[in-house]
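One letter stands for each residue in the lines below.
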Amino acid sequence: MSKVKSIEELMKIKERALKELQLRDTGKRGKITVAMGTCGIAAGAKETLRAIVEALAENNINDVAVVQSGCMGLCEVEPTVEVRLEGQEPVVYGHVTPENAKRIVKLHIMANQIVSDLMVRKGEM
Amino acid sequence: MPLTTSTVLICAGGACISSGEASVKEALKKEIRKYGLDEVVRVVETGCMGACSLGPIIVIYPDGVFYQKLTPRAAEKIVQEHLLKGRIVQEYLYKMPTGEVVPEAMDKLPFFAKQVKIATRNVGYIDPSNIEEYIARDGYFALNKVLTQMSPEQVIEEIKRSGLRGRGGAGFPTGLKWELTRKAKGDRKYIVCNADEGDPGAFMDRSILEGDPHTVLEAMVIAGYAIGAHQGYIYVRAEYPLAIERLQIAIAQAKEFGFLGENILGSEFGFDIEIRIGAGAFVCGEETALIASIEGKRGQPRVKPPYPAQSGVWGCPTVINNVETFACVPPIIIKGADWFRSIGTPTSPGTKVFALAGKITNTGLVEVPMGITIKELLYEIGGGSSTGKKIKAVQTGGPSGGCIPSEYFDTPVDYESLQKLGAIMGSGGMIVMDEDDCMVDVARFFLEFTVDESCGKCTPCREGTRQMLKILEKITSGEGSEKDLIELETLGNIIKDTSLCGLGQTAPNPVLSTLRYYRHEYEAHVREKRCPALRCKALVRYVIDPSKCVGCTACARVCPVNAISGELRKVHTIDNDVCVRCGSCIEVCRFGAISKVSP
Ligand SMILES: Cc1cc2nc3c(=O)[nH]c(=O)nc-3n(C[C@H](O)[C@H](O)[C@H](O)COP(=O)(O)O)c2cc1C
Ligand code: SF4
Ligand code: SF4
Ligand code: FES
Ligand code: FES
């Protein structure tokens, strides 16, 4: 670490560190849950999770939490991801490859459009 | 971008450590690894979160779920259920005294909801060993503002306008202290942080040092800039090893980032900080004694004036401030004096951290706006009595403070109101007492502390307090007279007026305040040889109620001195000449036949 000499450099550190800290905020607009059961991980859920976190970071979205859960009981369509935005019914997506994950972020999170070709279920379980 | 999805904050404050934080942390980490979650779940140790009676505690973000009273087994379950499956584990959530389970988000717990956090804004939230997390919460932005946009005079003006007063006890206006030191003659000047924290029961300073060390460093550099000092010392007691370790880490990081040393943040200004470790004598918290101790001399107070502002460390003008005082400085610089004044009362702006202890449900640290009433503090935040018995008094301000009776619980908490009641703010210790506490005994307890801690330099403090203690011991053993009460008062007032330093000047407070509000208890002791709270051993007897005793012999078997006699299935009796008042028999009697009486 070289010494901080200006407000711009300080801001840069702040922005970087804030992303990490904002994960701790409870006042989120929504939550993306990635199923990380054994079969989810085998089907590539870790890569999916990484893609989601990266897509959110690239687009400076920090009011959506990402968490992992265990098996959702949908082994045949793994990796599965559930998107829950405030005031809307939760949507479960299947076959979420890293590319699909990016589409979900772009469309569902950013443009509020459900990605119908990936959707496997809508509504509370 | 690190791939973190959940963060588990685990409190590594003193209370949580002693209730088993380490094994909970181990179990958490092990279980997280076992499920392959170590890549995405971070475990961070923080400073005290305040809810010490509930420890060990963790908070899981982003959900903000607060789990309490954990065991390693509980930690495993939380990993399996919450972190892996996203299901909240009900059994470790906080429950209200009414049994109701509380909404999981931490900031909605009644204990936290009423608090306003300035000095402890980051404690329990950031990773204290990670400077970037401090920066993320606007850390070092105040320093940058000061160095690039404000003259030293403007900094002092802002602190003066904020009305910030010292949180270490006396409540002296901080801005004025800085101004006096800036104006004092001398080429070299110093900044000292008083982190001695000798008040038994108070640990807010430790908690800030452990949970947010950078805020103290930042404020000290700002103070240095304001008064024209280039060197600072943090005087911290040796019993605080974790605080010392965190400070060392923080100082090294601040140097690396260029917030300490030469050309801070690219400016012309340079400032360095060293840690000085104190042996932990109460009197070393007194400013002149502390300065002597930093200079390597024996920690004894001297006559004031000259005040440290004129002649402090090595005879140079010195600002000495308390940890909590410093922790308020960066937010004031960033948000402005008006913002600070909008919290608290006109004469005591801002917040104060209190350490709740004694017979109260939520023991721990709370930060509240000044002006909150004692009642709100004890009942709404503190959760009321922990014993089911009525709260009788609260002792504020540590060993040199005073007792406030429940009739006055509508009083707002600020410097002036407490002083009017014969108590003080002190460093913010609050010890709650219920009807089982004897106020004469309480006064004796605090005086015993002072007698032990008096440095012995001046006679009134050394001899006078000892004399007062003797009288109190006489009273609690049933040998006191009315004359003794008068003598206690006279002596107390003389000691207050003639002692050299604040220790002696305030030592009689617990006695004088209890004499003022609980004179009837003293009178019961001297006139009727009776202890109304059944506390003073010499004045109580243990008796067996013949109508309740079934002769089970349980008490006789447990009595360590064979004071109880009686045959099987016949009424037992206690010989009070033999009884040592240990209370064991009351505990074992399943028929409620034994009680304490006085006389
Ligand atoms: C016996 C005695 C003990 C004290 N102990 C402490 C202490 O532990 N911490 C502290 O900050 N101030 C303590 N003080 C008060 C200091 O002398 C001094 O007033 C204070 O550090 C000034 O800082 P402040 O204006 O920020 O409160 C003590 C005073 C006395 C008389
Ligand atoms: S335990 Fe109680 S009931 Fe039993 S002998 Fe003792 S006093 Fe009597
Ligand atoms: S109080 Fe202790 S010493 Fe006294 S009678 Fe009971 S058990 Fe024996
Ligand atoms: S583990 Fe994903 S459906 Fe079974
Ligand atoms: S030590 Fe953990 S809450 Fe105070």
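Since the model is a prediction, treat every value here as computed from it, not as a measurement.

Considering the confidence of the model for chain B
Across chain B, the average pLDDT comes to 93, with 98% of residues at or above 70. Both confidence scores are given for the complex: pTM 0.85, ipTM 0.80.

Thoughts on the sheet that holds strand β7 (residues 272–278) of chain B
All names here are of chain B. On the basis of which strands lie adjacent, the open sheet formed by four strands has the order β7-β6-β5-β8 and parallel pairing. Lying at the two open borders of the sheet, with one neighbouring strand each, are β7 and β8 (318–322). Strand after strand, the sheet turns through a mean of 20° between neighbouring axes, direction not considered. Inspection of the sheet shows strand β6 (residues 231–237) paired to β7 by seven bridges, in the parallel sense. Each bridged residue has a counterpart across the sheet, and for V236 the counterpart in β7 is I277. On the sheet, helix α10 (residues 213–227) packs against β5 (190–195), β6, β7 and β8 and is oriented at approximately 150° with respect to β5. Along the sheet, helix α12 (residues 287–294) makes contact with β5, β6, β7 and β8, crossing β6 at roughly 105°.

Observations concerning the interface of chain A and chain B
Opposite the 34 residues of chain A that make contact, chain B presents 44 residues. Regarding the contact of chain A and chain B, the summed buried area is about 3300 Å², with carbon and sulfur atoms giving 60% of it. The largest per-residue losses of area from chain A upon contact with chain B belong to L10, R24 and Q68 of chain A, which jointly make up 22% of the total buried on that side. Applying the counting criterion to the chain A and chain B interface returns two salt bridges. Its salt-bridge partner being D138 of chain B, residue K14 of chain A comes within 2.4 Å of it at the nearest N-O pair. Counting the contacts that link chain A with chain B gives four residue pairs in polar contact (both at pLDDT 80 or more). At the level of elements, α1 (7–22), α3 (45–58) and β2 (64–69) of chain A are the ones that each hand at least two residues to the side of chain A that touches chain B. Class assignment of the residues belonging to the side of chain A that touches chain B gives a composition of 17 nonpolar, five polar and twelve charged.

Comments concerning the pairing of strand β3 (residues 81–85) of chain A
Within a regular strand, the side chains alternate between the two sheet faces. Residue and element names in this part refer to chain A. With four of its five residues buried, β3 lies for the most part within the structure. Bridge analysis of strand β1 (residues 30–35) against β3 gives five bridges, and the strand direction is antiparallel. Within β3, the position partnered with G30 by the bridge is L85. As defined by bridge partners, β3 adjoins strand β4 (residues 91–93) across three bridges and the pair is classed as antiparallel. Across the sheet, residue V83 finds its bridge partner in β4, namely V91. Between β3 and the antiparallel strand that follows it, β4, lie five residues; G87 among them carries a positive phi value of about 75°.

Notes on the site of ligand 1
Residue and element names in this part refer to chain B. Lining the immediate environment of ligand 1, one finds 18 residues, of which G168, K177, N321, N322 and T325 sit closest. Note that an oxygen atom of ligand 1 is positioned 2.9 Å from one of the backbone N or O atoms of E197. One of the backbone N or O atoms of G198 is found 3.2 Å from an oxygen atom in ligand 1. For ligand 1, the accessible surface in isolation is 610 Å², of which the surrounding protein chains cover 89%. It is β8 that contributes the most residues to the shell around ligand 1, three residues altogether. Grouping the constituent residues of the shell around ligand 1 by class yields three nonpolar, nine polar and six charged.

Description of the site of ligand 3
Near ligand 3, the surroundings consist of Y542, C559, P560, V561, I564, I574, C579, V580, R581, C582, G583 and C585 of chain B. In the shell around ligand 3, the residues fall into ten nonpolar, one polar and one charged.

What to know about a nonpolar patch on the surface
A cluster of nonpolar side chains, contributed by F172, L176 and L180 of chain B, occupies part of the molecular surface with about 230 Å² of accessible area. Relative to the helices and strands, L176 of chain B resides in helix α8 (residues 174–183).

Reading guide: rules and limits
- Residues numbered from 1 in each chain as written.
- Chains lettered and ligands numbered in written order.
- Predicted model: local features only at pLDDT ≥ 70, side-chain atom pairs only at ≥ 80, totals over all residues.
- Heavy atoms only, no water.
- pLDDT = per-residue confidence, 0-100.
- Pairing = 2+ DSSP bridges.
- Helix = DSSP H or I, 4+ residues; strand = E, 2+ residues; numbered from the N terminus.
- Axes fitted to C-alpha atoms, helices over the stretch in contact; angles between N-to-C directions.
- Contact = heavy atoms within 4.5 Å.
- Buried area = accessible area lost by both parts, 1.4 Å probe.
- Salt bridge = Lys/Arg side-chain N within 4 Å of Asp/Glu carboxyl O.
- Polar contact = N/O pair within 3.5 Å; in protein donor to acceptor, adjacent residues only side chain to side chain.
- Nonpolar A, V, L, I, M, F, W, Y, C, P; charged D, E, K, R; others polar.
- Buried < 20%, exposed > 50% of the residue type's maximum accessible area, 1.4 Å probe, protein only.
- Near = heavy atom within 4 Å.
- Areas by Shrake-Rupley, 256 points an atom, 1.4 Å probe, with all protein chains shown as cover.
- Patch = residues over 30% accessible without salt bridge, like charges linked within 9 Å, V, L, I, M, F, W, Y side chains within 5 Å.

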